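Commentary on secondary and tertiary structure
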Amino acid sequence: MKPAPQDAPPNGGAPSATSLEAFGRVAEMQTKLHRWAAADPGRRFDDLFNLVHDPATLIVAFTRVAGNRGANTAGVDGVTVSDVEARLGVPGFLDDLRSAVKDGSFRPLPVRERMIPKPGGSGKLRRLGIPTVADRVVQAALKLMLEPIFEADFVPVSHGFWPRRRAQDAIADIHRLGTRGYRWVLDADIEACFDSIDHTALMDLVRRRVKDKRILALVKAFLKAGVMTETGRIRDSDTGTPQGGILSPLLANIALSVLDEHLMVPWRPGGTMDRTSRRHSRRAHGLPTWRIVRYADDFVVLVHGQQADVGTLREDVAHVLAPIGLRLSPAKTRVVHMSDGFDLLGFRIQWKRKRGTNKWYVYTFIADRPFRAIKAKIRALTHRVSQASMGTVIGRINQILRGWTNYFRHAVCKHTLNRLRHFVEWRLIRWLRKRHRWKWGQFRRRFTTPNGRWLPIAADGIVLFNPAAVTVTRYRYRGQTIPNPYLRTNHA
């Protein structure tokens, strides 16, 4: 690694920092690492280890771990974040952890495996690996220092687990490309992506940017930590990065970046697709143009060409994925025209004729699976034998509806939101009538005004959220305007 500039951030010997100071110092570290990585694409970073166990880094890492939804889910040692705060004390816990990492005695424990339902109500299960709190903090510290470096290399066609990017950016990118004629689609599915990534290939990719052997050893230790199954048996982890680990999404993005780079080579400066005129020229000569849009392990390749061109790209993609231990699912990977529609990230994307006209547009709808999934959640909360209080049930339903509608409010979904409102209201009506043994007239008298107007369903001051009242707006393509969290104007 090149000698650090004079304004390099403090490292291992720095004094303890307050949380506010810690966040400022870590942000400064990240900005400088990203700046150096972007300025020199071939640079391999050394002496990152001291930054990882810096007190400020560990404070920020613990804060992020404590703020996660799974903070009070224990790993194999049975310790939760609440236990750390109540019994051990955060300063003492971080001091002990820092000492263990610094002197090399830290060893990751196996992750605790849990089988959870796959989203969409398919009934299938997926593996979730739950690390211990200490392992989560060290993984978060590694991520804080590694992500700014690799972010400088990532091609901006990836939108998953990348700061300031979201699923809606991927959908907007597809919408823009479909409007511009990219309507043949390789709708790809990687078979057990997180479970199958080859460790040797992944570590080689990490070494392209990281020279510090202690960091490489830590990353490898997490990959090889093993899994404790639900039956209590320890299983070796010879491949993959367990879903649930804080570091896993970054490692998966590093592995899959080889696919992004391969498919986007023609778009680089001087490439055969780097300018609009060159893309037009290719198509005029019967050659296709293409672009990948990826969100974690979900991706599509959109092609402006013929169906046969997509088949050729499918073989090319399979060839690129093979060295990192991944393969396309033969059953789920398909070639489709956008007029037939395809699902991605809960959305249904389809090129179709606008009703009442002869003009065709790319539309984004809500797919069937997430609609079935939210109905299943509402059914579970309003089961006819449920004895939960009405206020509690309405409060939980409101949380689910607000999160779901906020995610999908940029789709063409007014009709779907009205269907959802109707479904939720009638589930609550049937539940209340069954619970209180009300006839329809009795229910009507309680929830209408004297002049016959319906009152909103409410309890304990909590009014049922109306999803149909959500404002539906088009999500605007952000492209190069997506802010980079590591670029700051002031580096002092």
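Residues numbered from 1 in each chain as written. Predicted model: local features only at pLDDT ≥ 70, side-chain atom pairs only at ≥ 80, totals over all residues. Heavy atoms only, no water.

1. Some details on the overall build of the protein
Summing up its helical and strand segments, the protein has 17 helices and 13 strands in all. Relative to its length of 492 residues, the protein is compact, with a C-alpha radius of gyration of 26 Å against a globular reference of 23 Å. By residue count, 50% of the 492 residues in the protein fall in the buried class. Only carbon and sulfur atoms are counted for the fraction: they give 51% of the accessible area of the protein, which is about 24,600 Å². (Helix = DSSP H or I, 4+ residues; strand = E, 2+ residues; numbered from the N terminus. Rg over C-alpha atoms; globule rule 2.2 N^0.38 Å. Buried < 20%, exposed > 50% of the residue type's maximum accessible area, 1.4 Å probe, protein only. Areas by Shrake-Rupley, 256 points an atom, 1.4 Å probe, with all protein chains shown as cover.)

2. Some words on helix α7 (residues 167–179)
With 13 residues, α7 should reach 18 Å at 1.5 Å per residue; the first-to-last C-alpha distance of 19 Å fits that figure. For α7, the buried fraction is high: twelve of the 13 residues fall into the buried class. Within α7, burial applies to Ala167, Gln168, Asp169, Ala170, Ile171, Ala172, Asp173, Ile174, His175, Arg176, Leu177 and Gly178. In this fold, the buried residues of α7 make contact with β6 (289–295), β7 (298–304), β9 (342–344), β10 (347–353), β11 (360–366) and α15 (390–408). A positive phi of about 105° marks Gly181, the residue just after α7. (Expected span 1.5 Å × (residues − 1). Contact = heavy atoms within 4.5 Å.)

3. Re the layout of surface pockets
Quantified by volume, the second largest pocket comes out at close to 420 Å³. Of the residues contributing to the lining of the second largest pocket, the split by class is eleven nonpolar, one polar and six charged. (1 Å grid on protein atoms, 1.4 Å probe; cavity = no way out; pocket = protein on both sides within 12 Å on 5 of 7 lines; lining within 4 Å. Points joined across faces, edges and corners; volume = space filled by probe spheres on them. Nonpolar A, V, L, I, M, F, W, Y, C, P; charged D, E, K, R; others polar.)

4. A few points about the environment of Ala38
Position of Ala38 among the secondary structure elements: in helix α1 (residues 19–39). According to the relative accessible area criterion, Ala38 is partly exposed, its value standing at 45%. Spatially, the C-alpha atoms of Ala38 and Ile149 are 7.8 Å apart, while their sequence positions differ by 111 residues.

5. Some thoughts on the sheet that holds strand β5 (residues 234–235)
Pairing within the open sheet is mixed, and its four strands lie in the order β2-β1-β4-β5. Whereas interior strands pair on both sides, the edge strands pair on one side only; in this sheet they are β2 (125–130) and β5. Bridging between strand β1 (residues 111–117) and strand β4 (residues 227–228) involves two bridges; their strand directions are parallel. Across the sheet, residue Val111 finds its bridge partner in β4, namely Val227. (Pairing = 2+ DSSP bridges.)

6. Things to note about the side chain of Arg291
Residue position: Arg291 is located in strand β6. Salt bridges are absent for the buried Arg291, whose nearest opposite-charge side chain, Asp173, sits at 4.6 Å. Among all residues touching Arg291, those that are not within four sequence positions of it are Val157, Arg176, Leu177, Tyr182, Met264, Trp267, Val300, Val301 and Leu302. (Lys, Arg positive; Asp, Glu negative; His and termini not counted. Salt bridge = Lys/Arg side-chain N within 4 Å of Asp/Glu carboxyl O.)

7. Description of the pattern of salt bridges
If you walk through the whole model with that rule in mind, you get 20 salt bridges. Note that Arg127 is salt-bridged to Glu113, the shortest N-O span being 3.1 Å. Remark: Glu113 occurs in strand β1 and Arg127 occurs in strand β2; sequence separation between them is 14 residues. For Arg127, a relative accessible area of 41% translates into the label partly exposed. A salt bridge links Arg334 to Asp187, with the shortest nitrogen-to-oxygen separation between them at 3.4 Å. Here Arg334 is found in strand β8 (residues 334–337), whereas its partner Asp187 is found in strand β3 (residues 184–189), with 147 residues between them in sequence.

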